[in-house]
Amino acid sequence: MTDSAPKVGFVSLGCPKATVDSEQVITQLRAEGYQIVPEFEDADMVIVNTCGFIETAVEESLETIDEAVRENGRVVVTGCLGSRAELVRQRFPDLLAVTGPNARDDVMQAVHRHLPAPHDPFIDLVPKQGVRLTPRHYAYLKISEGCNHRCSFCIIPSLRGDLVSRPIDDVLDEAQVLADAGIREILVISQDTSAYGVDLAYATRFWRGQPLQTRFYDLARALGQFGTWVRLHYVYPYPHVDDVIPLMAEGFILPYLDIPFQHASQPILKAMKRPGNRDRVLERIARWREICPELVLRSTFIVGFPGETEADFEELLEFLDAAQLDRVGCFTYSAVDGAAANALANPVPDALKQERYHRFMLKQQAISAARLQRRIGQKLEVLVETPTQSGYLGRSYADAPEIDGLVHIETLDPLAIGEFCRVEITGADEYDLYAVPSR
């Protein structure tokens, strides 16, 4: 690739699903001979992949677009905020193009219109696994697009549409390419991972001679063949999730589940239009841990949802005590333009939202700290991430990148980045573990 090749600046905001969309666009740009540059002023054009889910994300996206327009002027906007094209165009009337999420072809059409490709694409111009925005040792694997739920606080279906699952053989082909490229961890993502295949009526496909149904269980078991860590994100607690717990106990996939429970009070869950029953959830968690004692559970919750009473919030705190979740994220409710929850009565005052958020986090910090203390003395496989002054940072099977904790490895010996190292846990705090290489 020569210095005369057209240069594209690229900014990727939002969730891992948006990251995958960005990777697909960047891979196509590189395949066609475009250069990707880090600075707006060095680029012939800038692409901003936006997030539009909550107001803070919208503001970040708008600020980034504004910066790109001021420093470059030739800007294409894509992603979830792009679905609200009228809002974006009103504020930035001179954009080259605005597209929605999962719109690689539309983005490329805009690029070709305003910055012609230097040559026809050839597959050998980029790695077989495509261009990734993640480190070389892990990658996100998106198995579906969209969502069939209509949670009252969420506008994802209006941004990304209803559930559209990829055929299972197509997903496994990509996983094989990733494994062959040396990826050590595959993070399975979608908007609703455990609903995978329902839109395809769980159609049977053949992959390397294996008949596999396009469904959650078959996919999880098949991904266990590649010799990588396989981590499941965004899993709704449908009954059939029970079936994958034995796969975790047997070592096919990581004993880690990311389940967005969102709340525990039945009136609030009903107002959210969320499935779930507190007592049944607790029973299932207990059963899962009986089958797979090493299981780590991560979840997210919303406090201050419209109509949330002190009794509702206390029930949520009681749920935390009973569930003893390992990793938890919490958000205060914020109105999202277009969400049905905006019309609900009895909004919670901002000050009370913040007060409940802090009470929630104090409760969960104590639970997380106690659970991590139990790790002291254990020996764990850790994926080494980056060097530090006193050693390295890594992640155990209990730690998803960027959202969970870290393992601080104290050592003077060199360790290979992106490879596994067995360590002994020597200490813990509310979020992280401390370790030395195991002798």
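Going by the structure above, here's the rest.
Quick look at the structure, then. Small disclaimer: the values here were computed from a predicted structure and weren't measured.

What counts and what doesn't
Residues numbered from 1 in each chain as written. Predicted model: local features only at pLDDT ≥ 70, side-chain atom pairs only at ≥ 80, totals over all residues. Heavy atoms only, no water. Helix = DSSP H or I, 4+ residues; strand = E, 2+ residues; numbered from the N terminus. Rg over C-alpha atoms; globule rule 2.2 N^0.38 Å. Buried < 20%, exposed > 50% of the residue type's maximum accessible area, 1.4 Å probe, protein only. Contact = heavy atoms within 4.5 Å. Areas by Shrake-Rupley, 256 points an atom, 1.4 Å probe, with all protein chains shown as cover. Salt bridge = Lys/Arg side-chain N within 4 Å of Asp/Glu carboxyl O. Core = buried A, V, L, I, M, F, W, Y, C linked by side-chain atoms within 4.5 Å. Axes fitted to C-alpha atoms, helices over the stretch in contact; angles between N-to-C directions. Parallel < 35°, antiparallel > 145°, perpendicular 65-115°, else oblique. Left-handed = near helix turned anticlockwise from the far one by under 90°. Polar contact = N/O pair within 3.5 Å; in protein donor to acceptor, adjacent residues only side chain to side chain. Pairing = 2+ DSSP bridges.

1. Digging into the overall build of the chain
Helix and strand content of the chain: 12 helices and 20 strands. Expected size for 439 residues packed as a compact globule is a radius of gyration near 22 Å; at 23 Å, the chain falls within 12% of this value. The buried share of the chain, taken over its 439 residues, is 55%. Counting only contacts in the chain whose residues sit at least 6 apart along the sequence, the fraction spanning at least 24 positions is 73%. A total accessible area of about 19,200 Å² is found for the chain, and carbon and sulfur atoms account for 51% of it.

2. A few points about the pattern of salt bridges
Inspection of every chain in the model, using the stated rule, returns 28 salt bridges. With its nearest N and O atoms 2.9 Å apart, the salt bridge here joins E145 to K142. For E145, a relative accessible area of 9% puts it in the buried group. Where D326 meets R289, a salt bridge forms, and the shortest distance between an N and an O atom there is 3.8 Å.

3. Side note on the nonpolar core
Core analysis: the biggest nonpolar cluster contains 55 residues, and L257 and F360 have the highest contact counts within it. With near-sequence residues (within four places) excluded, F360 lies in contact with F301, V303, F313, L316, L317, L320, V328 and C330. Counting residues in hydrophobic clusters, the runner-up holds 22 residues, among them Y256, V296, V407 and L433.

4. Focus: unusual backbone geometry
Phi at N102 is positive, roughly 55°, even though this residue is not glycine. Summarising the element assignment, N102 is placed in the loop between β5 (97-98) and α4 (104-114). Take N102: its relative accessible area is 39%, and that puts it in the partly exposed class. The backbone of Y234 shows a phi angle near 55°, a positive value even though the residue is not glycine. Assignment of secondary structure puts Y234 in the loop between β12 (229-232) and α8 (245-249). Looking at Y234, the relative accessible area reads 22%, which means it is partly exposed.

5. Overview of the packing of helix α11 (residues 310-323) against helix α12 (residues 350-373)
What describes two packed helices is the angle between their axes and the distance between those same axes. With their axes 10 Å apart at the nearest point, α11 and α12 run at an angle of 15° to one another. Accordingly, the angle class assigned to the pair α11 and α12 is roughly parallel. Crossing handedness for the pair α11 and α12: right-handed. Between α11, through E310, F313, E314, L316, L317, L320 and D321, and α12, the contact on the second element is made entirely by R356, R359, F360, K363, Q364 and I367.

6. Considerations on the environment of R104
Summarising the element assignment, R104 is placed in helix α4. R104 gets classed as partly exposed once you look at its relative accessible area, which sits at 35%. Taking the C-alpha atoms as reference points, R104 and I156, separated by 52 residues in sequence, lie 18 Å from one another. Of note is the side chain of R104, whose polar atom sits 3.4 Å from the side chain of D105.

7. Some thoughts on the sheet that holds strand β17 (residues 391-395)
Working definition: the strands of a sheet are paired by backbone hydrogen bonds and lie parallel or antiparallel to each other. The strand order around the closed barrel built from five strands is β16-β17-β18-β20-β19, with neighbouring strands paired in mixed fashion. On average, each strand axis in the sheet is inclined to that of its neighbour by 50°, with strand direction left out of account. As defined by bridge partners, strand β16 (residues 379-387) adjoins β17 across four bridges and the pair is classed as antiparallel. Among the inter-strand pairings, T386 is bridged to a residue of β17, identified as L393.

8. Details of the packing of helix α6 (residues 168-180) against helix α7 (residues 216-223)
Close contact between α6 and α7 brings their axes to 11 Å; oriented N to C, the two are set at 25°. Comparing their axes, α7 and α6 come out roughly parallel. For the pair α6 and α7, the sense of crossing is right-handed. Contact residues: α6 offers I168, V171, L172 and A175, while α7 offers D218, L219, A222 and L223.

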